[in-house]
Amino acid sequence: MVKAETSGELVFAVVGHIGSGTSTIARRLVAVLEGEKYHVSYIKASDCIREWAKSQDKAVDGHASRSRARLRAMQDLGDEIRVRDHGAVARQLVRAIKSERAQRLGQGSAKGPVHPDGKRHAYVLDSVRHPAEVHLLRAVYGNAFALIGVVCDEQVRRQRIVRKYEDIGEPAVDEIMEYDARAGAKHSQSVRDAFFLSDVFLDNTVESERADEQQRRKVPNEAWDIPDQLRRTVNIVARTEVVRPTIEEHAMFVAYGAQQRSACLSRQVGAAVVDRGGNVLASGTNEVPQAGGGVYGQTLVSSARDDHRCANRPGSWQGCWNTKKQSEIIDDLIDHLPTEAKLPPNAVAELKNLSPETQAALRLIFTDAKDDLREQIRKTRVGSLLEFSRAVHAEMDALLSVARQGISTLGTRIFVTTFPCHYCARHIVGAGVDEVQFIEPYPKSLALDLHSDSITTNRQGWVRPSESKGGSKQVLFRPFTGVAPRLYERAFLKDRPLKDDRTGEKRLGEAEWTDGWDIFRKSYVELEAQLAEEEVAET
């Protein structure tokens, strides 16, 4: 009975930085899903924004379609719709999904719930630009929702932007890419923050077409493997094949698990070191080091008195020491600014002649101004200082764990949940690591600026330093691709029969109850009532 109440629906959304090709991915996903016998609805977020703009009597079509002005106008509309509700664009997408379902089921513009019919249907949303949109869609559609993050080399994105937008030259590309990644205000689009919430990461660096000089036209590029990446993703969802994790997916899952051990008050980061054969040598987490080797939390402590992590430190101040030291530096800077003693003598005399009430009011104003100045300074690079943290970073913890086992780190790879800081980057290079893969960005890191001689993000023509016989040697830092750790269990857990129990022949069965992608057509209270009534009827 319970399985009969599943919706049969899936909701996919696509996210990627400008120039990554999110629309190409979304349209190709539609084709792959249709090949798996899904009925598919393709919904563009930009269309939803335009509909909202028209309802507000706002002009949207006053610029050429492939112009910088049109691009910025759409970005501004997206920002405007999010002013009061950061998830407003997702709300419009939800409305569009409901409308699509109502039309398909012949219910027109029905008010109230429109219950799915249980048949296989998928919605592909192109595309989300803010983390609040991801959270809202995930909250509404639960396990039936999957976010696909589109990875693409930065230089390739730059080239695509210049090709697509006729009035954008190279000088303007940096501004456009930075605004797209994170505009600044909380309601503005923030693709960078939405991107790392993805369930699956696909690489769209390779172009879908290539130039054929003999035929003097564009032809399909055999090296473009996005259709294969999408088919694997859909196979995982539809359970049409037995799909198991790659070495990279498993390593990142280990790093993600290690991340959970951290009691750091700022962020949790996990890392895993993998040898040439794909074996995980060690994991690491960002945590306070413990005498004797390792960090707190890796071994059992006899009592709370033995736990000296920042959140639990007995007999001492508990909190983030890095933030504390940053604040002390900021206060020191403010204390060295001009004070009353440095004011002109006549100004000091005038202040002393004021009434006590006025002096008190001025002191309050000055205090507020000082607090505001303190916050402004914190937004500068002073607020990005790293060296006062008590924690060993996850990458370093993992490398040190390998070293304590007496295993060489030459030629290894590190999988880390967050892009390495510049401190870790220099040690990664020095340890002889070949490659780093990461999920979350870390804007504070200066790794690429400080170590451009030994670190690259360009995979084209890259040779592993441990295998290079001469010339330039660089460690590759690249975004992780594949099934994200958040989806790992649902993607790869055996939750159904895979063989005939009598003959042993491979035969993919159905989950006895529900699989990891099902959501119900009814709310849990409706399902609860139905189950309770049936039980009473049987009695």
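Refer to the structure printed above.
So, here is what we can say about the structure in this document. A quick note: this is a predicted structure, and the numbers were derived from the prediction, not measured. (Residues numbered from 1 in each chain as written. Predicted model: local features only at pLDDT ≥ 70, side-chain atom pairs only at ≥ 80, totals over all residues. Heavy atoms only, no water.)

Quick word on the side chain of Arg157
So, point 1. Relative to the elements of secondary structure, Arg157 occurs in helix H6 (residues 154–164).
So, point 2. In this view, Arg157 contacts His17, Ile18, Gly19, Ser20, Cys152 and Met177; residues no more than four positions away in its chain are not counted. (Helix = DSSP H or I, 4+ residues; strand = E, 2+ residues; numbered from the N terminus. Contact = heavy atoms within 4.5 Å.)

Topic: the pairing of strand S3 (residues 121–126)
So, point 1. The element S3 is extensively covered by neighbouring structure, given that six of its six residues are classed as buried.
So, point 2. Of the two faces of S3, the one holding His121, Tyr123 and Leu125 and the one holding Ala122, Val124 and Asp126 are both buried throughout.
So, point 3. Here strand S1 (residues 9–16) runs beside S3; their pairing, made up of six bridges, is parallel. Bridge assignment links Ala13 to a residue of S3, and that residue is Leu125.
So, point 4. Looking at chain direction, strand S2 (residues 39–44) and S3 are connected through six bridges and run parallel. Considered in S3, the bridge of Ile43 is made with Leu125. (Buried < 20%, exposed > 50% of the residue type's maximum accessible area, 1.4 Å probe, protein only. Pairing = 2+ DSSP bridges.)

Some details on the packing of aromatic side chains
So, point 1. Taken as a whole and judged by the stated rule, the model has six aromatic pairs.
So, point 2. The interplanar angle of 80° and the centroid separation of 4.8 Å between the aromatic rings of Phe419 and Phe438 together place this pair among those described as edge-to-face. Here Phe419 is found in the loop between strand S10 (413–418) and helix H15 (422–430), whereas its partner Phe438 is found in strand S11 (residues 435–440), with 19 residues between them in sequence. Of the two residues, Phe419 and Phe438, both sit in the buried class.
So, point 3. Feature note: the residues Phe195, Phe201 and Phe480 constitute an aromatic cluster, connected by ring pairs. (Phe/Tyr/Trp six-rings, centres within 6.5 Å; stacked < 30°, edge-to-face > 60°.)

Things to note about the nonpolar core
So, point 1. If you look at the biggest cluster of nonpolar residues, it comprises 41 residues, and the most contacted ones within it are Ile43, Leu125, Val128, Phe145 and Leu147.
So, point 2. Those residues in contact with Val128, other than ones at most four positions away along the chain, are Ala13, Val14, Val15, Leu93, Glu133, Val134, Leu137 and Leu147.
So, point 3. In this structure, Leu10, Val32, Val243 and Trp517 belong to the second largest nonpolar core, which totals 32 residues. (Core = buried A, V, L, I, M, F, W, Y, C linked by side-chain atoms within 4.5 Å.)

Things to note about the packing of helix H2 (residues 45–55) against helix H3 (residues 68–81)
Two quantities define a packed helix pair, namely the angle between the helix axes and the distance between the axes.
So, point 1. Here H2 crosses H3 at 70°, and the two axes come no closer than 10 Å. The orientation of H2 relative to H3 falls into the category roughly perpendicular. For the pair H2 and H3, the contacting residues are Ser46, Ile49, Arg50, Trp52 and Ala53 in the first and Arg70, Met74, Leu77, Gly78, Glu80 and Ile81 in the second. (Axes fitted to C-alpha atoms, helices over the stretch in contact; angles between N-to-C directions. Parallel < 35°, antiparallel > 145°, perpendicular 65-115°, else oblique.)

As for the environment of Ser188
So, point 1. Among the structural elements, Ser188 can be located in the loop between helix H7 (170–181) and helix H8 (191–195).
So, point 2. Sequence separation of Ser188 and Ile97 is 91 residues, and the distance between their C-alpha atoms is 24 Å.

Description of the layout of surface pockets
So, point 1. Space inside the largest pocket adds up to approximately 1,300 Å³.
So, point 2. The wall of the largest pocket is formed by 41 residues, among which Gly19, Thr22, Ser23, Lys164 and Tyr165 lie closest to the centre.
So, point 3. Listed by contribution, the elements that provide at least two residues to the lining of the largest pocket are helix H1 (22–35), H2, H3, H6 and strand S6 (209–212).
So, point 4. When residues in the lining of the largest pocket are grouped by element, the largest group, five residues, is from H3.
So, point 5. Grouping the constituent residues of the lining of the largest pocket by class yields nine nonpolar, 16 polar and 16 charged. (1 Å grid on protein atoms, 1.4 Å probe; cavity = no way out; pocket = protein on both sides within 12 Å on 5 of 7 lines; lining within 4 Å. Points joined across faces, edges and corners; volume = space filled by probe spheres on them. Nonpolar A, V, L, I, M, F, W, Y, C, P; charged D, E, K, R; others polar.)

A word on the environment of Ala251
So, point 1. Positionally, Ala251 belongs in helix H10 (residues 247–259).
So, point 2. When its relative accessible area of 1% is taken as the criterion, Ala251 is described as buried.
So, point 3. Along the chain, Ala251 and Pro131 lie 120 residues apart, while their C-alpha atoms are 25 Å from each other.
So, point 4. Each residue touching Ala251, except ones within four places of it in the same chain, is listed here: Ala272, Val274 and Phe415.

Brief notes about the side chain of Arg478
So, point 1. Looking at where Arg478 falls in the secondary structure, it is placed in strand S13 (residues 475–479).
So, point 2. For Arg478, a relative accessible area of 14% puts it in the buried group.
So, point 3. Separated by 2.9 Å, the side chains of Arg478 and Glu435 make a polar contact.
So, point 4. Contact partners of Arg478, with chain neighbours within four places excluded, come to Glu435, Val436, Gln437, Phe438 and Arg459. (Polar contact = N/O pair within 3.5 Å; in protein donor to acceptor, adjacent residues only side chain to side chain.)

Quick look at the packing of helix H14 (residues 394–404) against H15
So, point 1. Viewed as axis vectors pointing N to C, H14 and H15 meet at an angle of 30°, and their least axial separation amounts to 9 Å. As judged from the angle between their axes, H14 and H15 are roughly parallel. You can see that H14 and H15 cross each other, and the crossing is left-handed. In this structure, H14 contributes Glu395, Met396 and Leu399 to the contact, and H15 contributes Cys424, His427 and Ile428.
So, point 2. Taken together, the residues of the contact of H14 with H15 break down into four nonpolar, one polar and one charged. (Left-handed = near helix turned anticlockwise from the far one by under 90°.)

Side note on empty space enclosed by the protein
Empty space among the atoms becomes apparent when a probe as large as a water molecule is rolled across them.
So, point 1. One pass over the full model with this rule turns up one cavity of 30 Å³ or more.
So, point 2. For the largest cavity, the calculated volume is near 130 Å³.
So, point 3. Taken together, 14 residues form the lining of the largest cavity, with Arg239, Glu241, Val242, Arg244 and Leu498 sitting closest to its centre.
So, point 4. When grouped by side-chain class, the residues that make up the lining of the largest cavity number seven nonpolar, one polar and six charged.

Regarding helix H9 (residues 226–238)
Three- or four-residue spacings in an α-helix give side chains the same orientation, since the helix completes a turn every 3.6 residues.
So, point 1. Here H9 contains 13 residues, and its C-alpha end-to-end distance of 18 Å stays within 8% of the 18 Å for a straight helix at 1.5 Å per residue.
So, point 2. Structurally, H9 contributes buried residues whose contacts are with S1, H1, strand S4 (145–151), strand S5 (200–203), strand S14 (482–483) and helix H17 (488–492).
So, point 3. Taken from the residues just after H9, Arg239 is the one with a positive phi, measuring 60°. (Expected span 1.5 Å × (residues − 1).)

Let's talk about H6
So, point 1. Val156, Arg157, Arg158, Arg160 and Ile161 are the residues of H6 that are buried.
So, point 2. The secondary structure elements touched by the buried residues of H6 are H7.
So, point 3. Sitting at the head of H6, Asp153 places a side-chain oxygen 3.1 Å from the backbone nitrogen of Gln155.

Overview of the pattern of salt bridges
So, point 1. Per the stated rule, a full pass over the model turns up 37 salt bridges.
So, point 2. Measuring nitrogen to oxygen at the nearest pair gives 2.9 Å for the salt bridge that ties Arg138 to Asp199. Taken as a pair, Arg138 in helix H5 (residues 131–141) and Asp199 in the loop between H8 and S5 lie far apart in primary sequence, 61 residues in all.
So, point 3. Judged by its relative accessible area of 3%, Asp199 is buried.
So, point 4. Between Glu241 and Lys506 there is a salt bridge whose closest N-O contact spans 3.6 Å. In this pair, Glu241 sits in the loop between H9 and H10 while Lys506 sits in the loop between H17 and helix H18 (524–538), placing the two residues 265 residues apart along the sequence.
So, point 5. Here Glu241 falls in the partly exposed class, since its relative accessible area comes to 43%.
So, point 6. Overall, Lys506 belongs to the exposed group, its relative accessible area being 53%.
So, point 7. Among the ionic contacts, a cluster of salt bridges with common partners joins Arg239, Asp495, Arg496 and Asp515. (Salt bridge = Lys/Arg side-chain N within 4 Å of Asp/Glu carboxyl O.)

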